[in-house]
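Listed below, chain by chain, are the residues.
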Amino acid sequence: MLVGLILLSLTLGLFALMLGFASRVAEAGRLRDRGAEIAIGAAAISGWLAGALPLIQPRATERPLVMFEGLADRVSFVTLSNGDAQPGGILAITIASENTGAQGAGALVFGSSLMSIGAGALSAQNTGEVLARGVASATFSYFGSREEGSPGRWHDEWRNSERLPRLVSLRVRVIVERRFEDFELNFPILTE
């Protein structure tokens, strides 16, 4: 009876150890998958922002303003389509965080629409496509000088400017297995 009890306790202990190991392996896999999703989304964002166009808004003002609007929770700009998933031509792109919160039910999404010649502002976007899920927070910031001759610095928003920022930073916090993981991504804008 004693030997049977010892064998049963060893079997249960080994089973509990295997369950703990399997749980850690599954959690590592989910973190890897979330990291891969962020990396794929970051590559798409990088390609779009690298080709941002310094198009001037077609309206009569004293200052020529570029078609770029950067806020803490979203960025909108124009770029040329690379012709793969979007239609060819000049695209208005918006990348935004939606439904973010401590529960991690939010997402980082993008929308794109074909710009018509002479459009006065960034046009209404198509429905958002998800770049990353489980986003608790996403914050954009912008580096550059807004006017000729002024030194570059970080800005919380980039609106009504004569030029594009040099760098767009995105801080994303995602939730994986009730734990937060932070990613900081920087995207250079190559044209100007």
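This section reports on the structure supplied with the text.

So, about the overall build of the protein. Within the protein, the secondary structure is distributed over one helix and eight strands. Secondary structure elements in the protein, listed N-terminal to C-terminal, are α-β-β-β-β-β-β-β-β. For the protein, with 192 residues in total, the buried portion stands at 36%. Sequence-distant contacts, at least 24 apart, represent 55% of the contacts inside the protein between residues at least 6 apart. As displayed, the protein offers around 11,100 Å² of accessible surface, 59% of which is attributable to carbon and sulfur atoms.

Bringing helix α1 (residues 2–50) into the picture now. Here α1 contains 49 residues, and its C-alpha end-to-end distance of 71 Å stays within 8% of the 72 Å for a straight helix at 1.5 Å per residue. The complete set of buried residues in α1 reads Gly29, Arg34, Ile38, Gly41, Ala42, Ile45, Trp48, Leu49 and Ala50.

This next bit is on the pattern of salt bridges. Should the charged atoms of two oppositely charged side chains come close, the side chains can pair. A full pass over the atoms with the stated rule returns five salt bridges. With its nearest N and O atoms 3.8 Å apart, the salt bridge here joins Glu37 to Arg133. Placement of the pair is Glu37 in helix α1 and Arg133 in strand β5 (residues 129–144), with a sequence separation of 96 residues. Arg133 sits in the partly exposed class, given a relative accessible area of 48%. Between Asp182 and Arg173 there is a salt bridge, with the nearest N and O atoms lying 2.7 Å from each other.

Right, let's get into the environment of Trp154. Following the sequence through the fold, Trp154 ends up in strand β6 (residues 153–155). Each C-alpha atom of the pair Trp154 and Pro165 lies 9.5 Å from the other, and the pair is 11 residues apart in sequence. When sequence neighbours within four positions are dropped, the list of residues in contact with Trp154 reads Ser141, Tyr142, Phe143, Leu167, Ser169 and Asn186.

Rules and cut-offs
- Residues numbered from 1 in each chain as written.
- Predicted model: local features only at pLDDT ≥ 70, side-chain atom pairs only at ≥ 80, totals over all residues.
- Heavy atoms only, no water.
- Helix = DSSP H or I, 4+ residues; strand = E, 2+ residues; numbered from the N terminus.
- Buried < 20%, exposed > 50% of the residue type's maximum accessible area, 1.4 Å probe, protein only.
- Contact = heavy atoms within 4.5 Å.
- Areas by Shrake-Rupley, 256 points an atom, 1.4 Å probe, with all protein chains shown as cover.
- Expected span 1.5 Å × (residues − 1).
- Salt bridge = Lys/Arg side-chain N within 4 Å of Asp/Glu carboxyl O.

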